[in-house]
Amino acid sequence: MLKIEHLSKSYGKSNVKAVSDLQLELRPGEIFGFLGPNGAGKTTTIKLLTGILPYDTGKISVCGCDVKSQAMAAKRHIGYVSDSHILFDKLTGREYVDFLADIYGVDVAARKERADRLLDRFALRDAFDTQIRTYSHGMKQKINIIGALIHDPDLWVLDEPMTGLDPQSAYELKELMREHCNAGKTVFFSTHVLEVAEKLCDRVGIIVKGELIMVGDLDELKAAQGDKTLEDIFLSVAGGEHA
């Protein structure tokens, strides 16, 4: 589903790598949690695998498509929820979702079914024909999520997706993530909320100063660390950094 090989990225002329020799492979049907302190390289990695930023060395493939040489084909398999709500805020919610559906070639019947289902789950139907610039922070996050799912992507990538969501919407998002994986697709998401990662993820990876220092099944990691909680494990390997 997603394969990252020896990925590295530096900004400008800095000798410090934002991402250093990262290797990771995600399987169909799993939720993968990407953990790390602020500035560890989580968002940079996500922007590299979604094709937003160029990388210096390495290779990324999504469903067998190379992100660099087959960019358009790779992006068709990805649904991306950013941490910054970069939206066309003069559009209505409906116009925004239709715009994305047009880009991905989603037919009218499929987009309507998916949008209706998601609007009801996130209680956003009443605002769907209102300009996005009038939305609250949480509403923008919801329309961002709906837009990312309108083409039913094989790889759903989310950067700090719980930020700004009320408890009911956060619950619905977690349910959608599990349903997505139950359908044989993959979820890759970054989070600072370790309790969510512990309850939701099949595997996690911890990145510190651009290096992926730990990856594994949660039960295996806990057993290897003396049955510690995910919080204990995280603090033991990244506790010297500001989370």
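The shown structure was predicted, so the numbers you read here are calculated from the model rather than taken from an experiment.

Remarks on the overall build of the protein chain
Assigned secondary structure in the protein chain consists of nine helices and ten strands. Taken over the C-alpha trace, the protein chain has a radius of gyration of 18 Å; the compact-globule value for 243 residues is 18 Å, and the two agree within 12%. In terms of overall dimensions, the protein chain has C-alpha extents of about 50 × 40 × 30 Å along its principal axes. Within the protein chain, buried positions represent 49% of all 243 residues. When contacts within the protein chain are restricted to residue pairs at least 6 apart in sequence, those whose partners lie at least 24 apart make up 67%. Split by element, the accessible area of the protein chain, about 11400 Å² in all, is 49% carbon and sulfur.

Structural notes on the pairing of strand β1 (residues 2-10)
In the sheet, β1 pairs with strand β2 (residues 17-26) via six bridges, with the strands oriented antiparallel. Within the sheet, the bridge partner assigned to Leu2 lies in β2 and is Leu26. Between the antiparallel neighbours β1 and β2 lie six residues, among them Gly12 with a positive phi of about 60°. In this sheet, strand β4 (residues 57-62) lies alongside β1 in antiparallel orientation, the contact comprising five bridges. The partner of Ser8 across the bridge, within β4, is Thr57.

Comments concerning the packing of helix α3 (residues 93-104) against helix α5 (residues 137-149)
Put simply, α3 and α5 touch, their axes get as near as 9 Å, and they point 25° apart. As summarised for this structure, α3 and α5 are arranged roughly parallel, according to the angle between their axes. α5 is crossed by α3, and the crossing has right-handed handedness. The segment α3 lies against α5, with Gly93, Tyr96, Val97 and Leu100 engaging Ile143, Asn144, Ile146 and Gly147.

Focus: helix α1 (residues 42-49)
With six of its eight residues buried, α1 lies for the most part within the structure. Residues of α1 that are buried: Lys42, Thr44, Thr45, Ile46, Leu48 and Leu49. Just downstream of α1, Gly51 is the residue with a positive phi angle, here 85°.

Regarding the nonpolar core
Ile143, Trp156, Leu173, Met177 and Phe189 are the most contacted members of the largest nonpolar core, which has 51 residues in total. Beyond its immediate chain neighbours, meaning those up to four positions away, Leu173 contacts Phe122, Ile145, Trp156, Leu158, Pro161, Met162 and Leu165. In terms of nonpolar packing, the next biggest core, distinct from the first, is built from 24 residues, Leu22, Ala40, Tyr55 and Ile60 among them.

Some remarks on the side chain of Thr191
For Thr191, the location among the structural elements is in the loop between β8 (186-190) and α7 (194-200). Only 2.9 Å separates the side chain of Thr191 from the backbone nitrogen of Val193, close enough to count as a polar contact.

Some points on the confidence of the model for the protein chain
Averaged over all residues, the pLDDT of the protein chain is 93; the fraction at 70 or higher stands at 98%. When mean pLDDT is taken per element in the protein chain, β4 scores highest with 98 and helix α8 (residues 218-224) scores lowest with 82.

Topic: the environment of Leu200
Along the chain, Leu200 falls in helix α7. Sequence separation between Leu200 and Phe32 is 168 residues; the distance between their C-alpha atoms is 8.8 Å. If near-sequence neighbours (up to four positions away) are discounted, Leu200 is found in contact with Ile31, Lys174, Met177, Arg178 and Phe189.

Let's talk about helix α6 (residues 167-182)
Compared with the 22 Å implied by 1.5 Å per residue over 16 residues, the 23 Å span of α6 between its first and last C-alpha is a close match. Where α6 is buried, its residues meet β3 (31-35), α4 (108-121), α5, β7 (155-159), β8 and α7. In the segment just after α6, Gly184 is the residue with positive phi, at about 90°.

Let's talk about the sheet that holds β1
Overall, antiparallel pairing links the four strands, which are arranged β2-β1-β4-β5 in an open sheet. Edge strands, defined here as strands with exactly one partner in the open sheet, are β2 and β5 (65-66).

Some remarks on the sheet that holds β7
In spatial order, the strands read β6-β7-β8-β3-β9-β10; together these six strands make up an open sheet with mixed pairing. Each edge of the open sheet carries a strand with a single partner, namely β6 (78-81) and β10 (211-217). Across the sheet, the mean angle from the axis of one strand to that of its neighbour is 15°, orientation sign disregarded. Relative to β8, β3 runs parallel, the two being bridged by four bridges. Each bridged residue has a counterpart across the sheet, and for Phe32 the counterpart in β8 is Phe188. The strands touched by helix α9 (residues 230-238) are β3, β9 (203-208) and β10; relative to β9, the strand with the most contacts, the crossing angle is about 25°.

Cut-offs and rules
- Residues numbered from 1 in each chain as written.
- Predicted model: local features only at pLDDT ≥ 70, side-chain atom pairs only at ≥ 80, totals over all residues.
- Heavy atoms only, no water.
- Helix = DSSP H or I, 4+ residues; strand = E, 2+ residues; numbered from the N terminus.
- Rg over C-alpha atoms; globule rule 2.2 N^0.38 Å.
- Buried < 20%, exposed > 50% of the residue type's maximum accessible area, 1.4 Å probe, protein only.
- Contact = heavy atoms within 4.5 Å.
- Areas by Shrake-Rupley, 256 points an atom, 1.4 Å probe, with all protein chains shown as cover.
- Pairing = 2+ DSSP bridges.
- Axes fitted to C-alpha atoms, helices over the stretch in contact; angles between N-to-C directions.
- Parallel < 35°, antiparallel > 145°, perpendicular 65-115°, else oblique.
- Left-handed = near helix turned anticlockwise from the far one by under 90°.
- Core = buried A, V, L, I, M, F, W, Y, C linked by side-chain atoms within 4.5 Å.
- Polar contact = N/O pair within 3.5 Å; in protein donor to acceptor, adjacent residues only side chain to side chain.
- pLDDT = per-residue confidence, 0-100.
- Expected span 1.5 Å × (residues − 1).

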